Amino acid sequence: MTDNKVRFWVLYALLLLSATAFAFDKATYYASANGQKQKALKTALYRIVGNPSVKSYGSLWSWYYDTDRLSDNQVVDRYSNEKRYFSGNTGAAVSGMNKEHGIAQSWWGGGTTGIGADLQHVMPSDATANSKKGNFGMGIVTSQSWTNGSIKVGKGEAGNNGTVNLWEPADKWKGDFARAYFYIVTAYEEKSLVQTEGANTMQNNTYPKLQPWAYELYLKWSKEDPVDDLERRRNEVVYGIQGNRNPFIDFEGLEQYIWGSYQNVAFSASNYERPNGGDSPALKTPDVSFATGRKVMNVGETYQQTLTTNSDGRVTYESSNRSVASVDGESGLVKALAEGIATITAAVAATSVYSSAVASYTVVVNRGGVDPGPSDGTTYVKVTERLNDWSGTYLIVYEEEDVALDGGLSEYDKPNNTIAVNITGQRTIEVSDATKAAEFTIAKMGDGTYSVCGRSGKYLGATASKNTIESSDSPIATTITVSDGEAVLTTASGYTLRFNAQSGQKRFRFYKSGQESVALYRRGDTQDGISEMKNEGLRMKNEADAVYDLTGRSKQRIDRSGVYIIQGRKTLVK
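Residues numbered from 1 in each chain as written. Predicted model: local features only at pLDDT ≥ 70, side-chain atom pairs only at ≥ 80, totals over all residues. Heavy atoms only, no water.

Here's the deal with the sheet that holds strand β9 (residues 302-303)
Strand pairing in a sheet takes place through backbone hydrogen bonds and is either antiparallel or parallel in direction.
Part 1 of the reasoning: What the three strands build is an open sheet, ordered β9-β13-β12; its pairing is antiparallel. The open sheet terminates on both sides in strands that have one partner only, identified here as β9 and β12 (325-327). (Pairing = 2+ DSSP bridges. Helix = DSSP H or I, 4+ residues; strand = E, 2+ residues; numbered from the N terminus.)

A look at the side chain of glutamate 470
Part 1 of the reasoning: Position of glutamate 470 among the secondary structure elements: in strand β24 (residues 470-472).
Part 2 of the reasoning: Put simply, glutamate 470 is tucked away with no salt bridge, and the nearest opposite charge, on lysine 466, sits 7.3 Å away.
Part 3 of the reasoning: Polar contacts involving the side chain of glutamate 470 include one to the main-chain amide nitrogen of threonine 463, which spans 2.7 Å.
Part 4 of the reasoning: For glutamate 470, the residues in contact, after removing those within four places along its chain, are Tyr412, Tyr459, Leu460, Gly461, Ala462, Thr463, Ala464 and Ile476. (Buried < 20%, exposed > 50% of the residue type's maximum accessible area, 1.4 Å probe, protein only. Lys, Arg positive; Asp, Glu negative; His and termini not counted. Salt bridge = Lys/Arg side-chain N within 4 Å of Asp/Glu carboxyl O. Polar contact = N/O pair within 3.5 Å; in protein donor to acceptor, adjacent residues only side chain to side chain. Contact = heavy atoms within 4.5 Å.)

Quick word on the pairing of strand β22 (residues 449-454)
Part 1 of the reasoning: A large share of β22 lies buried, amounting to six of its six residues.
Part 2 of the reasoning: Burial along β22 is two-sided: Thr449, Ser451 and Cys453 facing one way and Tyr450, Val452 and Gly454 facing the other are all buried.
Part 3 of the reasoning: Strand direction decides the pairing type here: strand β21 (residues 440-446) and β22, joined by six bridges, are antiparallel. Paired with phenylalanine 440 across the bridge in β22 is glycine 454.
Part 4 of the reasoning: Between the end of β21 and the start of β22, which pair antiparallel, lie two residues, with aspartate 447 showing a positive phi angle near 55 degrees.

Some words on the sheet that holds strand β8 (residues 294-298)
Part 1 of the reasoning: If you trace the four strands from one edge of the open sheet to the other, you get β8-β15-β14-β11, paired in mixed fashion. Bordering the open sheet on either side are β8 and β11 (315-319), each of which pairs with just one other strand. Taking each pair of neighbouring strands and ignoring which way they run, the sheet shows an average axis angle of 25 degrees.
Part 2 of the reasoning: Note: β8 against strand β15 (residues 357-366), five bridges, orientation parallel. In the sheet register, methionine 297 faces β15, and the bridge partner there is valine 365. (Axes fitted to C-alpha atoms, helices over the stretch in contact; angles between N-to-C directions.)

Next comes the structure, spelled out in C-alpha cells:
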C-alpha cells in the first residue's frame, strides 16, 4: 500500500474515531495479555505490539503532519520551547528541526529501519537540542553543561554505573518520554544492545531490560506526569500508520504491573485496575451527549445544538466535511455550505476528575430555496414542505442508504423490505419499472388523515402499540407532515414510520421513538395542489382566466408546454 493510501485510511479512521466515543476496543486488542504478571506480562505485550509496520525513515516528516501538528499548524517539539510551523506541503521537513530518537539508535547498532523509524519514539526535535543530546541516556542532570530552557544536558548519577552523560526533559514531557522508554523495551525486548553508552540505562536481557535506577526514575516520572489528550491522540494516529499501540498510554500506570508495586497483580484488559498509590483516583467517564442525533438544514442556514455534559473540560467542535458544513471550534455554531452530509463532533478535554470524551450528530444539508422544477412524470421529487393535500403517488425513501420501501410486498414487516434507488444531487429519482413496483398511493380519508397503499394493494400502518409495520386489506388512518425537511407519517397508535439502519435489522417500520427519518418523493410536481391540462393552443378569453408564467408576466395565449399560473393555481400544461 502506498503512503498516500495509508494516509487516507489514517485520516478516515480518525474521522470515525471522532464520531464515536472510545471506538477502539482495548479489551479485544490486549486480550492475550490477560492474567499475566510482571515478566510474562511484558512478553505478552511484546507479542501484541512488537514488530510494527514502520514507515521509511525518509518519509517521517509527512507522517509528523498527522502525529505532531497542533490546530494552528505548529509542530509539537518536546525538546525545545521554540515555535515552528508546518508549511502547506505536508511532506516537507521543517527548517531548524530533525527527526530525533528518544532512545539513541546507535545503542542498537544504528540503522533507520525497525526501531530506528518507529514513530512511537522518533519525534520532531529542535536540531540544536538533538545535537547536544547526542546518544546519552535519559535521567536527572546534576551537573549541567547545556540547556535551552527545555531540556538539560550534562552529568548525572546512573545507579551502579556512577556518574555518566545524561539528558533530562522538561517536567511537562517527562511522563511522555518515560512511557516511550517503557514501550521501546517492551516492543523490542529481544533487541540486543551493541553500544556501551546504552548499557548505562539498559541491560542485555528481556526482563527487566532497564537498569533498576532507570525504571525506578521513569516510574516516578510517569506517575507525576500522567497521560494527557495529546498523548492519547498521537497513539491513535500512530496506530493507524504503523498498526501498533503504546500500551502504557492505553492503560495508565501499566508500568507498575511490570516494574513497580503491582508486579503480583494479574493484568486484565477488560477490567483494568489502575495503580494509583492511594493518591491518584481513576478518572470518571463523563456524561456527554447531544439531544438530537440528526439535523436537516438548507444551504445558508445556521444551527447550534447544546452539548449536555457533567464535565467542565474544554469543549471543541469539528466538522468531518467542512465543504458541506462548517462549525465554529469554540461555540459549535454550524453553517450549511453545500448539499451533502457531515458529522459534527464535540470533544471534551480531560480534567482532574473526568476523562476525555466525544459526542457527535449528523448534519444533512439540502439545497434549500432552490425550486427543483416541475416533473413531467418521469421523476419523483423530494417533498420538503408541508402540503395541504398529500394525495398522489410517492416513494418512501431512506436517503443515506439510497433505498425505498418496497410497495410491491404483500407482507411489509420483514428485514430488508427495500429496493435500491438512485437519488440525484437535485433530490430527484428517475421513474423505472423497479421504482413503479415500489410506489405508494396516498389518498384522503377524512379529519386530516390519509391512507397509504402499496402497489401490492396492501395498506401500511400500525394499529398495535409495538414496533411493527402492518400489511392491511383496509386503510389505516395516517397523519402526514414535514419536519426539518423530512417526512413524518404517524398513525393513531402514536408510532411513526422510520428506518432501522442497524446491520441485520435494516427495514422500514413504525417505531415509537428512535431510528432514522424518512423522506417522501412525489411523482409529478411537488407543489401543493398542482393540476394538469393539455396544450391545445389555449387562448385566454377574459380577465377571469388570469394566466401568468412563472416570472409573473401576463399571458394571452399558451403556445408551448410548461408550468403556468391559471386562475391562481399552478398548472402543468402538457
